[in-house]
Amino acid sequence: MSDVATRLTAALTTRYRLERELGAGGMATVYLAHDLKHERDVAIKVLHPDLGAALGGERFLTEIRTTARLQHPHILPLLDSGEADGLLYYVMPFVTGETLRARLERERQLPIDDAVLIAREVADALGYAHVLGVIHRDIKPENILLQNGHALVADFGIALAVQSAGGARMTQTGLSLGTPQYMSPEQAMGERTIDARSDIYALGAVTYEMLIGEAPFTGPSVQAIVARVMSEEPRGLSVQRRAIPANVDDAVLRALEKLPADRFNSAAEFAGLLVTRNTTSVRATGATIAARSNRRAIVIASAVAVVALGAAAWGWLRPQPARDVVRYRITIDSLPAVHDWTGELAISPDGSAIVHTGGANGALLIRRRDELSFTPLVGTENAYGPCFSPDGSQVAYYSSNKIMAAALAGGPPMVLADSVASTESCSWGRDGKLYRLFREGGLLSVGRADAKAGAPLERVSTIDTAAGELMHALPEALPDGQSILFQVQYIDGKRAIALGDIASRKHVVLTPGTRARYVHGDLLLYTTTDGKLWVVSLDAAARAIRGTPKLVTDRIPTTMVGPVDFAVSETGTIVYAVDDASERRELMWVSRTGVRAPLDSTWKGAFVSPSLSPDGLRVAVTMRVGTNSDVWVKRVAGGDATKFSFQNKTNEAPAWTPDGRFISYISGASGSAAVGDVWRQPADGTAGGVRVLHADRPLSEHTWSLSGEWLIVRTTTPTAGSGDILAARPAMDTTVTPIVATARTEYTPTMSPDGKWMAYVSNETGRLEVYVVPFPITGSAKWPISTSGGIAPRWSREGGEIFYLDLQSNMMAAQVTTSPSFALQGSRVLFATSDFVMTAVSRRNWDVSPDDQRFLMVQRASGSTSGQIVVVEHWLDELKAKPTP
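Given the structure is predicted, the values throughout are model-derived calculations rather than measurements. (Residues numbered from 1 in each chain as written. Predicted model: local features only at pLDDT ≥ 70, side-chain atom pairs only at ≥ 80, totals over all residues. Heavy atoms only, no water.)

> A description of the overall build of the protein chain should follow, citing residues and the corresponding values.
Each helix and strand counted, the protein chain has 15 helices and 56 strands in total. Within the protein chain, residue pairs in contact and separated by at least 24 positions form 48% of the contacts whose partners lie at least 6 positions apart. Element-wise, carbon and sulfur atoms account for 52% of the exposed surface of the protein chain, whose accessible area totals about 36,100 Å². (Helix = DSSP H or I, 4+ residues; strand = E, 2+ residues; numbered from the N terminus. Contact = heavy atoms within 4.5 Å. Areas by Shrake-Rupley, 256 points an atom, 1.4 Å probe, with all protein chains shown as cover.)

Dropping the structure here:
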């Protein structure tokens, strides 16, 4: 072990364990180490001792801290820095891939698409840093890491930190900042003022090398290289490699201009030209200028150009042979939970990667085209509703009241939006905006904001309350940046697909449906409540669909908000779920310590909202078949289940009266949302159902007071909040009375056994939390129960605990006293619930036994094929061969 390694090991022994040396360069030596506190591998860079001594630790560490604020999916983050036994070091994540230099040494020239992708991702990282005033100063293949096909820029700002800290003392070390092959002319000349355009030059030189196989200027010495940088023009790329498109040639040569003023103003402009196909060159090369001095050469060149243009036109315009349509299924092993209100499936724009929710601890799972199975995307715990960024390098998702973004290349996720009130899905538009729910005055419409933390949210759709619209959800941004698709939910439970104009916030309803996706080529892919997937021509400018919809498949599983699990790439690959998860659930007993036992392993179905009788001998549960649902009753000790409800298409959310004599349920004629009717009938089935409450509003939950006098319901309304808790005495009241009705959302009322207290959920703080209030409501007294998020509360049968789920998918038990006054004594975790089925925030999908020792929960049945996804590649080719009518 070297002297440096020995000193570093001794100095950092309580924090890091050095494993081995990874490499050494002009400024530092890199070691693989293990972070003892966080149990992870890291890379520690240690400045050479003479350099560190020349710089001085305090100034260097002060400067390097400014780079720690850089958080971007294509920037390798700075995790730690410090001084140990006189050695200056900084810590970064350990990347398991390779450097761009290693790949160039192996391949010399990269495929054009690969080189362009790497250049665009590095440009994205540079553009982000430049906005924050940080210039890299040392872009070179050694500082670009490749992981899973994507780029990470390392050592961001380190050169600046060295220069700023060292000043004139830099000459003492003999170290030159920057690498001559990639240094801009102004940097090579030692100018003190270096701006973003110097980084753009360096990236142009790196891109040149990726495409041609060597840097634009090489030589036997630093002086020779610098002389060529200052005096020569780089040779055109396309004359050395004919397959390079003209726009790529133009972009690289413009980035390599001698004068900063002649280069791109931003890294984004450089990246944009790399992917913009031009018909004519925007930059005259030296060869072109020379040719202009010879008229004959011009004539010949023109003739050649005409022939070439004709050949190119034939290549573009001639009929292309249709590619074979490829269909196959992918099975995801051991999916734990079903999240039915955001969608679980996304595909990258180029179709090369599929993301699905449901990994360990709720992490996102990713499967790339060249891989055999799904693997967890590190750091994405408790993820819902994934969607890809326009360039496919990141996945946005909801987690713990935030919208996050994780880079496919690795690295810690970034926060895009915080204080998100409840679980929701989003769409990442080409305009760089995130489209998601906008909450105002109790209404839920569609909003958009820049994809960065803290960006203000702007409403882009307006709810038409006169037409009976309740909310807008599941947005899908169109590429034009002017239009947005979304679901309209109506008061009567119906759903439709609308196309909105962002500028005017107005929309038109296109067709009944639940979720829509835009397909390149002006097509609309959408589902209907019966689980069918359709495609139809879309005229976005006219805000209308054309022709007759064509059935794609009828196998999409139906969830609480309709069938939502399908996606389509820009290249025409579609993916959709075809599992039978909703039909293959079972009821499972779970002890307070997490030990499980099936209620009846032979009884399986689309179970929702189980409810145990007060004596614990029977269970009532909703079972869904397609778009219909009914309440079934079964004895806990065994025996056959009996269908209990016969009123309408939708009979859901059973609740027992406190004396156990009756079962009530919410009943309606449409879809999965009932319309304000609570029915009740004898639990022994000796008589039919009787309607006991009609509220003229959609209902999702209800419960009874201890005396059986009060019926408490949770409803939604477009004018008085997006979710209110109301109460009525069916024997004497003709209307319901609001008891918790605010501009925010309330969920899941549950009564204490003595009937004096009510627990419920509200997002009034911007996060879902559990609260307790007296019942009936008197004054403004209110006690918070959860402290870091909570949903689905249930008061214990004994009365001294309130059970609820936290936002990390744990069953919690809050110890409370109710006499002489209410007080919270403390809370603790009982067991993890991430592998149980939670169908919606507004439905408690579990119940507790009379002795409070066991929980009855819904679990995906063993042997279920719930993880099956159908992939159809070249689906657009099939559509073109068989045009939509």
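From this point, things continue past the structure.
> Give a detailed account of the pattern of salt bridges, specifying residues and quantitative values.
Tallying each qualifying case throughout the model produces 34 salt bridges. Taking the shortest distance from any N to any O, the salt bridge between Glu 476 and Arg 517 comes out at 3.3 Å. Of this pair, Glu 476 sits in strand β22 (residues 469-477) while Arg 517 sits in strand β26 (residues 515-519), and the two are 41 residues apart along the sequence. The exposure class of Glu 476 is buried, given its relative accessible area of 12%. Since its relative accessible area comes to 11%, Arg 517 is described here as buried. (Salt bridge = Lys/Arg side-chain N within 4 Å of Asp/Glu carboxyl O. Buried < 20%, exposed > 50% of the residue type's maximum accessible area, 1.4 Å probe, protein only.)

> Got a sec to walk through the packing of aromatic side chains? Specific residues and values, please.
For the structure on display, the rule yields 13 aromatic pairs. Judged by centre distance (5.5 Å) and plane angle (45°), the ring pair of Trp 757 and Phe 822 falls under tilted. Residue Trp 757 is found in strand β47 (residues 757-762), and its partner Phe 822 is found in the loop between β52 (810-817) and β53 (823-832); the two are separated by 65 residues along the sequence. You'll find Trp 757 and Phe 822 in the same group, each marked buried. (Phe/Tyr/Trp six-rings, centres within 6.5 Å; stacked < 30°, edge-to-face > 60°.)

> An account of the sheet that holds strand β27 (residues 523-527) is needed here, citing residue identities and associated values.
In space, the 4 strands of this open sheet follow the order β26-β27-β28-β29, with antiparallel pairing throughout. Of all strands in the sheet, those with a lone pairing partner are β26 and β29 (544-553), marking the two edges. For this sheet the average axis-to-axis angle between neighbouring strands, irrespective of direction, equals 25°. Strand direction decides the pairing type here: β26 and β27, joined by 5 bridges, are antiparallel. Within the sheet, the bridge partner assigned to Arg 515 lies in β27 and is Thr 527. (Pairing = 2+ DSSP bridges. Axes fitted to C-alpha atoms, helices over the stretch in contact; angles between N-to-C directions.)

> Let's hear about unusual backbone geometry: which residues, and what values?
Put simply, Phe 775 and Pro 776 share a cis peptide bond, and its omega is -10°. One can find Pro 776 in the loop between β48 (769-774) and β49 (783-784). For the peptide bond that leads from Ser 819 to Pro 820, omega is 5°, which places it in the cis range. Along the chain, Pro 820 turns up in the loop between β52 and β53. With a phi close to 55°, Asn 382 is a non-glycine residue in the positive phi region. Looking at where Asn 382 falls in the secondary structure, it is placed in the loop between β13 (375-376) and β14 (384-388).

> Residue-level account of the side chain of Glu 652, with values.
Structurally, Glu 652 can be placed in strand β38 (residues 650-656). Looking at Glu 652, its side chain comes within polar contact range of the side chain of Ser 629, at 3.1 Å. (Polar contact = N/O pair within 3.5 Å; in protein donor to acceptor, adjacent residues only side chain to side chain.)

> Pulling in residues and values, what's your account of the sheet that holds strand β12 (residues 365-368)?
Strand order in the open sheet formed by 4 strands is β10-β11-β12-β13, and the pairing between neighbours is antiparallel. On the outer flanks of this sheet lie β10 (345-347) and β13, each paired with one strand and no other.

> Tell me about the nonpolar core, and name the residues and values.
Core analysis: the largest hydrophobic core is formed by 51 residues, its most contacted members being Leu 100, Ile 118, Phe 156, Met 210 and Phe 270. Going through the elements one at a time, α4 (100-107), α5 (112-131), β7 (144-147), β8 (150-153), α9 (196-212), α10 (222-231), α11 (246-255) and α12 (267-274) are the ones with two or more residues in this core. Membership of the second largest hydrophobic core comes to 32 residues, among which are Val 590, Tyr 747, Val 770 and Ala 813. (Core = buried A, V, L, I, M, F, W, Y, C linked by side-chain atoms within 4.5 Å.)

> Outline the packing of α9 against α11, supporting the account with residue identities and numerical values.
Their axes nearest at 8 Å, the elements α9 and α11 cross at an angle of 135°. Taken together, α9 and α11 sit at an angle that is classed as oblique. Of the two possible hands of crossing, α9 and α11 adopt the one that is left-handed. Residue-level inspection shows Ile 200, Tyr 201, Gly 204, Thr 207, Tyr 208 and Leu 211 of α9 in contact with α11, the latter providing Val 248, Val 252 and Ala 255. For the contact of α9 with α11, the class distribution of residues is 7 nonpolar, 2 polar and no charged. (Parallel < 35°, antiparallel > 145°, perpendicular 65-115°, else oblique. Left-handed = near helix turned anticlockwise from the far one by under 90°. Nonpolar A, V, L, I, M, F, W, Y, C, P; charged D, E, K, R; others polar.)

> Tell me about α5, residues and numbers included.
Helix length check: α5 (20 residues) gives 28 Å between terminal C-alpha atoms against 28 Å at 1.5 Å per residue, within 8%. Among the residues of α5, those classed as buried are Ile 112, Ala 115, Val 116, Ile 118, Ala 119, Glu 121, Val 122, Ala 123, Ala 125, Leu 126, Ala 129 and His 130. Buried-residue contacts for α5 involve α4, β7, β8, α9, α11 and α12. Downstream of α5 by one or two residues, Gly 133 has phi in the positive range, about 80°. (Expected span 1.5 Å × (residues − 1).)

> Help me get a handle on the packing of α4 against α9, residues and values and all.
Across the interface, α4 lies against α9 with an axial gap of 10 Å and an inter-helix angle of 30°. Between α4 and α9, the crossing angle belongs to the class labelled roughly parallel. For α4 against α9, the interelement crossing comes out left-handed. Contacts between α4 and α9 involve Leu 100, Arg 101 and Leu 104 from the first element and Val 206, Glu 209 and Met 210 from the second. Tallied by class, residues from the contact of α4 with α9 come to 4 nonpolar, no polar and 2 charged.

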